[in-house]
Amino acid sequence: MNINKKLSSKIFSAAILIIVLGSFYSLFSQLQHNLSAQNVATGFGFLEYEAGFEISESMISYDSFDTYKKALTVGFFNTLKMAAVGCAFSFLLGLIFGVMGISKKHALKNFSETYINITRNIPLLLQLFFWYALFTDIFPSVRNAHSFFGILLSNRGFYFPVFSSSVVNYLFAFSIVLLNLGIFYFSLVKIKKYKGLSFILLSIVGVVGCIFIFSIIFPVSAPKLQGFNISGGKSLSPEFCSLFLGLTIYTGAFMAEIIRSGILAIDKGQWEAGRSIGLNDYQLLRYVIIPQSFKVSLPPLISQFLNLTKNSSLAVAIGYPDFVSIANTSMNQTGQAIELVGLIMAMYLSLSLLSSGVLNFFGRSSRA
Amino acid sequence: MLRQLKKKYFIDLGSTLASTFILCIYLFVGWYFFNWLIIDGVWVGDANICKNSSGACVSFLKEKFTFILFGVYPREYLYRPILGIVLLVIGWIHFTKKKNWNNLLFVKFLVLMIIYFVLLSGFGENKVETSKWGGLPLTLLLSIVGVAISYPVGILLALGRTSKQAVPRYLSIVYIELIRGVPLISILFMSSVLIPLFLPDGITINKLFRAQLAIIFFSSAYFAEVVRGGLNSIPKGQWEGAKSIGLNYIQTIKLVILPQALVKVIPPTVNTMIGMFKDTSLVIIIALFDLMGTTKASMTDSKWLGFSVEAYFLCAVIYFIICSRMGRFSKKVEEEFQRSH
Amino acid sequence: MIELKNVNKWYDDFHVLKDINLRIETGEKVVVCGPSGSGKSTLIRCINNLEEYQQGEIFVDSIEVQDLQTNIEKLRMDVGMVFQHFNLFPHLSILQNLTIGPMKAKNIPEEEAKKTALKFLDKVKILSEANKYPDQLSGGQKQRVAIARTLCMAPKIILFDEPTSALDPEMVKEVLDVMIDLAKEGMAMICVTHEMGFAKSVADRIIFMDEGRIVEDATPENFFENSTQPRVKEFLSQIL
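Residues numbered from 1 in each chain as written. Chains lettered and ligands numbered in written order. Predicted model: local features only at pLDDT ≥ 70, side-chain atom pairs only at ≥ 80, totals over all residues. Heavy atoms only, no water.

Asker: In this structure, what is going on with the interface of chain B and chain A? I would like to understand it.
Answerer: When the parts of a complex come together, some accessible area is lost, and that lost area is often taken as the interface size. Each partner contributes residues to the interface: chain B has 51 residues there, and chain A has 53 residues. Regarding the contact of chain B and chain A, the summed buried area is about 4,600 Å², with carbon and sulfur atoms giving 75% of it. Contact with chain A buries surface across chain B, with B:Leu197, B:Phe198 and B:Lys278 losing the most and accounting together for 13% of the total. There are zero salt bridges connecting chain B and chain A. On the surface where chain B and chain A come into contact, there are nine residue pairs in polar contact (both at pLDDT 80 or more). Of all the secondary structure elements, the ones that give two or more residues to the side of chain B that touches chain A are helix H1 (2–9), helix H2 (13–39), helix H8 (166–180), helix H9 (184–198), helix H14 (291–298) and helix H15 (308–339) of chain B. (Contact = heavy atoms within 4.5 Å. Buried area = accessible area lost by both parts, 1.4 Å probe. Salt bridge = Lys/Arg side-chain N within 4 Å of Asp/Glu carboxyl O. Polar contact = N/O pair within 3.5 Å; in protein donor to acceptor, adjacent residues only side chain to side chain. Helix = DSSP H or I, 4+ residues; strand = E, 2+ residues; numbered from the N terminus.)

Asker: Is there a simple way to explain the packing of helix H7 (residues 135–161) of chain B against H8(B) in this structure?
Answerer: All names here are of chain B. Remark: H7 packs on H8, axes separated minimally by 7 Å, with the N-to-C direction vectors making an angle of 125 degrees. Overall, the two elements H7 and H8 adopt an arrangement that is oblique. Here the hand of the crossing between H7 and H8 comes out left-handed. Contacts between H7 and H8 pair Leu157, Gly160 and Arg161 from the former with Pro168, Arg169, Ser172, Ile173, Tyr175, Ile176 and Glu177 from the latter. Taken together, the residues of the contact of H7 with H8 break down into five nonpolar, two polar and three charged. (Axes fitted to C-alpha atoms, helices over the stretch in contact; angles between N-to-C directions. Parallel < 35°, antiparallel > 145°, perpendicular 65-115°, else oblique. Left-handed = near helix turned anticlockwise from the far one by under 90°. Nonpolar A, V, L, I, M, F, W, Y, C, P; charged D, E, K, R; others polar.)

Asker: Please clarify how the interface of chain A and chain C should be interpreted in this entry.
Answerer: Residue-level contacts link 22 residues of chain A with 26 residues of chain C. In total, about 2,100 Å² of surface goes out of reach between chain A and chain C, with carbon and sulfur atoms giving 59% of it. A:Glu272 is the salt-bridge partner of C:Arg45, the closest N and O atoms lying 2.6 Å from each other. Residue assignment for the side of chain A that touches chain C shows that the elements contributing at least two residues are helix H8 (268–276) and helix H9 (281–311) of chain A. With eight residues, H8(A) is the largest single contributor of residues to the side of chain A that touches chain C. Residue composition of the side of chain A that touches chain C, by class: six nonpolar, eight polar and eight charged.

Asker: Teacher, can you tell me more about the sheet that holds strand S10 (residues 213–218) of chain C here?
Answerer: What holds strands together in a sheet is hydrogen bonding between their backbones, with the strands either parallel or antiparallel. All names here are of chain C. With respect to topology, six strands assemble into an open sheet ordered S6-S7-S8-S3-S9-S10, the strand pairing being mixed. Each having just a single partner strand, strand S6 (79–82) and S10 make up the two edges of the open sheet. Across the sheet, the axes of successive neighbouring strands diverge by a mean angle of 20 degrees, strand direction being ignored. By the bridge criterion, five bridges tie strand S7 (residues 157–161) to strand S8 (residues 188–192) in an arrangement that is parallel. Looking across to S8, one finds that aspartate 161 is bridged to valine 192. Along the sheet, helix H1 (residues 40–47) contacts strand S3 (29–33), S6, S7, S8 and strand S9 (205–210); its crossing angle with S7, the most-contacted strand, is approximately 150 degrees. Taken strand by strand, helix H5 (residues 139–151) contacts S6 and S7, and its axis lies near 170 degrees from that of S6. (Pairing = 2+ DSSP bridges.)

Asker: Please clarify how the side chain of A:Glu339 should be interpreted in this entry.
Answerer: Residues and elements named next belong to chain A. Assignment of secondary structure puts glutamate 339 in helix H12 (residues 337–365). At 15 Å, lysine 69 is the nearest oppositely charged side chain to glutamate 339, a buried residue that forms no salt bridge. From its side chain, glutamate 339 meets the backbone nitrogen of glycine 43 in a polar contact 2.8 Å long. One polar contact links glutamate 339 to glutamine 336, side chain to side chain, over a distance of 3.3 Å. For glutamate 339, the contacting residues outside a window of four places in its chain are Ala41, Thr42, Gly43, Phe44 and Phe46. (Buried < 20%, exposed > 50% of the residue type's maximum accessible area, 1.4 Å probe, protein only. Lys, Arg positive; Asp, Glu negative; His and termini not counted.)

The following block contains the structure:
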């Protein structure tokens, strides 16, 4: 009978609710009991205490006399830095290998598949350990650092030349990006055959030329061994480099798969119809292919961006001072595990909810 | 056959350039590797000889092989985990054959896991404490038990999330979004540090069990989303057809919806399983010595320092073999599914 | 205005077009028919470079299609194509499907493009659906939109690749009617089709292909009544 069914499902719901609430209550009271019995402090007051430990790299000024709150903020910024840089470059990597994966040239397709296959079947943590070991065990000390094109590789990090003025550095980065976009458009629209090859060649020429021109006009600060240290240039720590390499290469493989299937999902007829009304390759991509492909690929891509951000928490295993690392150190020192684990989860949760919001925003503005 | 190769890789100028370039990369890497492992590789000799050579220290791997694979498991009982792994491999081959997919499968699986557990643990005089379990058997245990429990839990969560009742739906949503929004590390931390704080006096849960719980909590949320995708892809007509012949909710789910939904999402399900298997490597962070953990530990032996690359290489090979096997199974199922539709 | 000289094409080892020689004058309406796999679709797809041929030459208004100097986009604007599976852009409205070509490829301002689009939508009798999306239309409607899309580019000739083969029988007539109107107004066309009624009423020439070769090239009268080729007679007996 209908009434019976409705009633029984309501009873079922009520029963679940009672069980869940009941277990939460008993767990909570047990928790309080245990905490007071062990004299463990509770609450977030500890955030104002002096942290007492150093942090190896930070985007804001910090020393061991600063509070735990400041230390965690340093960790938060480090996480954001790694997430931003990692997402950008893994997307780039994913684009390159994704497009390779649908190339008509079998060698490229094979190379892309090999890359994806190998990276996806080895745990990320192992890859991180490997890159870190490369820096700490394989690379020589600063006195015998490997050097090429002004770059120095040592077990203390990756040193590279920069322009003395930071404005020039931004200008340089901006010009490189602009140049490449221009060359991309040019090879796509103005060149008839061997578009890919022309893009690669012109791009190399363009970047090298840019480096050349800039270094003639503007002063360069190059890393050089002075005494026991390297001065000049800029450096990236082994921790940063290995986390960056591991995250980017690993996530890049997943992005490549997503981009590849996103393009393959578009019917071949769409390419033909676009061409048959006279659209050139750039117009075809911009107005027909990418809008459709984007809709298919955006949710999984965003989910990969999120995964990269969550995976950056593995920094704790190789010593990069991200949020989890610093929270872990704080946990060991203050014993306030509940609050700190709660903070960790709250931080990542808010990032994840933010991206869900972004996804919904895009989902609503494009046609279902 | 040579002509086919030519046609595939060298059919025009662009292809030829690309193929030569990629071939060069492969050859370069291959040669470097061959040199490192075989030609310069030290296959016999102690740590000093290894340190003076630029090649791979294979004697290090030979020395540490058992340790990396089995951790500190007592050497005289090694036959037990070895037997366990062999049984698991046989089980995998058996369970991935479509003709064996019936209700008896669950029973067989359960029996297999009990046998595996008993083999590792032993009893009486031959008992081996869980704190001594390590290496590959531990990784396999964590993953398999993890999947075995989190998959059904995930199904329940997915059913809850798609339920029309508000209570199960909101509870499921909160659980799934909470777990999926945080990294596995935080859940491992939570379980290893917090669970003891929730327990009444006198009851303790050993570290292995806590890690297993964390893995189950984590994976069930991901399986839930995969199954939910499958449930959503079942056309409404199926529900209506079942209702029209008088099946109730539970029967419809069990006999009509789930069989179709679960099969449809086998590829993402296996992908999640592969992900779980790789994720077990994180337990090293809470000081459990699975395969990743023993690999790292093998590098800290003061007599054999500096051979981390060799150790990571061995570890990577083992993970790669297992993961790619699983991946191949998933591809096979996907192709079969494509063919029959 | 379209000339094919000694065109040969292979798919790997399969010789799909064999020594094709053909000349089509301005304003001619040509129907290409033949058994499946005879190369009909491949033939017309070579004309607007959707397929490449290994030997021979194809001239559209004296411009060789595969010459590297040729502006292929410009050529494609003059040679329209209607596909068996319509290939409308699902993420754009009907109106946008029609205006995107003129606006982007020909740089025609939006107002003018819209006016032309509405005019052609009216011509194919779908004006009321202008703001709908492709997935809301029936097959026959979609194909008429596809024809309107081609017309907006002001082509000199339209290639039809089995335009009615994917349609339900009731919708075939509405599409054929549009095509007949176009033909009567003087639009040149090459039409790959099995609709022999259409061929009889509209075509200036009927070309029969079999196994990659042009076997018969005749006026409808001669094709249906006086063909001497055995393959043609066999084909006609199966179709009619």
